[in-house]
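Remarks on the overall topology
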Amino acid sequence: MNINLTLIGQTLTFFVFIWFCMKFVWPALISIMEEREKKIADGLEAADRADKDLELAQKKATEKLHAAKQEAAAIIEQANKRASQIVEEAKGQAVAEGNRLKAAAEAQIEQEVNRAKEELRGKVAALALAGAEKVLGANIDANANSELVNQLAAEL
Amino acid sequence: MASEGQTSTQYIQHHLQNLTYGKLPAGYVRTDAEGHEHVLEQATWTMAHTSQEAKDMGFMAIHLDTMGWSIGLGLLFSFLFFRAAKKATVGVPKGFQSGVELIVDFVNNTVSDIFHHKNRLIAPMGLTIFCWVFLMNLMDLIPVDWLPSAAMAVTGDPHFFFKVVPTTDPNATLGMAVAVFLLMIFFSVKEKGVLGFIKELTCHPFFAPKKFWYFNIVLIPINTILETVALIAKPISLGLRLFGNMYAGEMIFILIALLFSVNMLLGVVGGVLQWGWAVFHILVISLQAFIFMVLTTVYMAMAHDNHDEQH
């Protein structure tokens, strides 16, 4: 238990080990630990941010869905309107076409009737002329009496 | 017991003697193993064969076992932590790295709680002190006879002195305390200047205002005595506290070890006692390492504190 040079030796050893620790051990370990701390903090922050982003995105999605539904409803309504409109238009057109066809048929019928009448009149005139010839017993000059005959035929 | 021919007193004394290499003065009378006396013609550096020789070497001697074990354990600490620092990754810490980081984090928190100034030395110093002192104290848990007996077997000298716990040598603990003391003075002077340091020693805690300046003639010597004693007491108490605790613990281990040689029954009792004391001692060695670190940090903080700024 004598105090001797060991004391000084121990003091020097102490300084050397502290120097070594300060130079090569402590900074490396502390920097790594701080870096990790920062990384974890960043990770937590990112997770927080992601949570918020997710919430926001969900909100946005709901809004979009809602808007889309509304738009779809509007489109369907419009389509229905348009469809009924088209049906109405088609109906109108069909009616008009029908009327037109009817009118054309009627006109044709009238024409046919008129032609038949003309024909009939002509035949009647000829018949009447033939009858009159027979009655008079003589040839009636067709040319001389044509005016009369035609007049007769027109009266029929 | 180490050898059968010893008395209990010899056994204890043998256990408390360091392996000393030192200078014996000229004209010193040495007694060798056969009992022959011969006089040294000139001062010689040699190994001490007896406690008396070690004592007579005075200051010019060195405890090889204390130095060897403390440097060895310091190297072990440096190597392990250096390797951990080299291999450490930012990813998930595993195995030894997480243990090292646990200790570093613990020391870092403790130091930053106490020490609020900017100094890159203090925290690594805390880590070094904590681990190194802990390792040196840990040697106390190795049964007291194992390593000395091994050393005797290796050297073939039945009286080979070998003390394995460096912190039971006051040279080691006071040596570290002296280092702390030097750092204290260094930082005091660095922070406050030479004048500030002297002022702290002389004008504190009692100081008369300018109107009664003549009181200071009496107060300054009183302050100087008080502050110097307080200053010197710090390293001495720091070193002696660690030494006292470890020495007492070692002593009890040695006394328990004495039981082994008496008879079977007491040997069993001794075994139980040794186990119990070792378990209790785990607490003591960690606590003393922690206290040494905390007090060193506190002293460093005190050295950095400027009294003038507070008033």
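Here the residue numbering is sequential within each chain, running from 1 through the sequence in written order. For this description, chains carry letters from A and ligands carry numbers from 1, given in the order in which they are written. Local features in a predicted model are, by the rule used here, given only for residues with pLDDT of at least 70; side-chain atom pairs are given and counted only at 80 or more, and totals for whole chains, interfaces and linings are based on all residues. Hydrogens are left out, water is left out, and the side-chain values use all remaining heavy atoms of the structure.

1. Brief notes about the side chain of His63(B)
- By definition, any uninterrupted DSSP run of H or I lasting at least four residues is a helix, any uninterrupted run of E lasting at least two residues is a strand, and each is numbered from the N terminus. Along the polypeptide, His63(B) turns up in strand 5 (residues 61–63).
- If sequence neighbours within four positions are ignored, His63(B) has contacts with Asn2(A), Asn4(A), Thr6(A), Asn18(B), Leu19(B), Thr20(B), Asp169(B) and Asn171(B). It only takes one pair of heavy atoms within 4.5 Å for two residues to be counted as in contact.

2. Brief notes about the interface of chain B and chain A
- Between chain B and chain A, the residue contacts involve 57 residues of the former and 30 residues of the latter.
- Counting the surface lost from both chain B and chain A, the interface buries some 3,900 Å², and carbon and sulfur atoms represent 75% of this.
- Take the accessible area each of two parts loses on contact, using a 1.4 Å probe, and add the two losses: that sum is the buried area. On the chain B side of the contact with chain A, Phe59(B), Val90(B) and Asn171(B) bury the most area, a combined 17% of that side's loss.
- Salt bridges are counted wherever a side-chain nitrogen of Lys or Arg sits within 4 Å of a carboxyl oxygen of Asp or Glu. At the surface where chain B touches chain A, the tally comes to one salt bridge.
- Of the charged contacts in the structure, one is a salt bridge between Arg36(A) and Glu101(B), with a shortest N-O distance of 2.6 Å.

3. Some words on the nonpolar core
- As used here, the term nonpolar core means buried Ala, Val, Leu, Ile, Met, Phe, Trp, Tyr and Cys residues forming a set that is joined through side-chain atoms within 4.5 Å. Exposure categories follow from relative accessible area, calculated using a 1.4 Å probe and restricted to protein chains: below 20% of the type maximum is buried, above 50% is exposed, and the middle band is partly exposed. Judged by nonpolar contacts, the single largest core of 65 residues is most densely connected at Phe14(A), Phe81(B), Val104(B), Leu127(B) and Met300(B).
- Discounting chain neighbours no more than four positions away, the residues touching Val104(B) are Trp26(A), Leu29(A), Ile30(A), Met33(A), Phe81(B) and Leu127(B).
- Judged by nonpolar contacts, the second largest core, of 13 residues, contains Leu16(B), Val144(B), Ile256(B) and Leu258(B).

4. A word on the sheet that holds strand 1 (residues 20–24) of chain B
Residue and element names in this part refer to chain B.
- Note on pairing: two strands pair once DSSP finds at least 2 bridges between them. Pairing is antiparallel across the open sheet formed by three strands, whose spatial order is 4-1-5. One side of each edge strand has no neighbouring strand; the edge strands of this open sheet are strand 4 (44–47) and strand 5. Pairwise comparison of adjacent strand axes, ignoring direction, gives a mean angle of 15 degrees for this sheet.
- Examined bridge by bridge, strand 1 and strand 5 share three bridges and lie antiparallel to one another. Within strand 5, the position partnered with Tyr-21 by the bridge is Ile-62. All axes here are fitted lines through C-alpha atoms, helices being fitted over the stretch that makes contact, and every angle between N-to-C directions spans 0 to 180 degrees.

5. Details of a nonpolar patch on the surface
Residues and elements named next belong to chain B.
- Residues forming no salt bridge and having over 30% relative accessible area are the ones grouped into patches, like charges within 9 Å of each other and nonpolar side chains (Val, Leu, Ile, Met, Phe, Trp, Tyr) within 5 Å. All accessible-area figures derive from a Shrake-Rupley calculation using a 1.4 Å probe, and residue coverage is judged against the displayed protein chains alone. The grouping of Phe-206, Phe-212, Trp-213, Tyr-214, Phe-215, Ile-217, Val-218, Ile-222 and Leu-226 at the surface amounts to a nonpolar patch, some 930 Å² of accessible area in total.
- On the secondary structure map, Phe-215 appears in the loop between helix 7 (170–202) and helix 8 (216–259).
- The exposure class assigned to Phe-215 is partly exposed, which follows from its relative accessible area of 46%.

6. Remarks on the pattern of salt bridges
All names here are of chain A.
- The full count for this structure, using the stated rule, is ten salt bridges over all chains.
- Where Arg-100 meets Glu-97, a salt bridge forms, and the shortest distance between an N and an O atom there is 2.7 Å. Note that Arg-100 and Glu-97 are positioned in helix 1 (residues 6–136) at a spacing of three residues, about one turn of the helix.

7. Focus: the environment of Leu73(B)
- With respect to the helices and strands, Leu73(B) occurs in helix 3 (residues 64–87).
- Aside from chain neighbours lying at most four places away, what touches Leu73(B) is Trp132(B), Leu135(B), Met136(B) and Met139(B).

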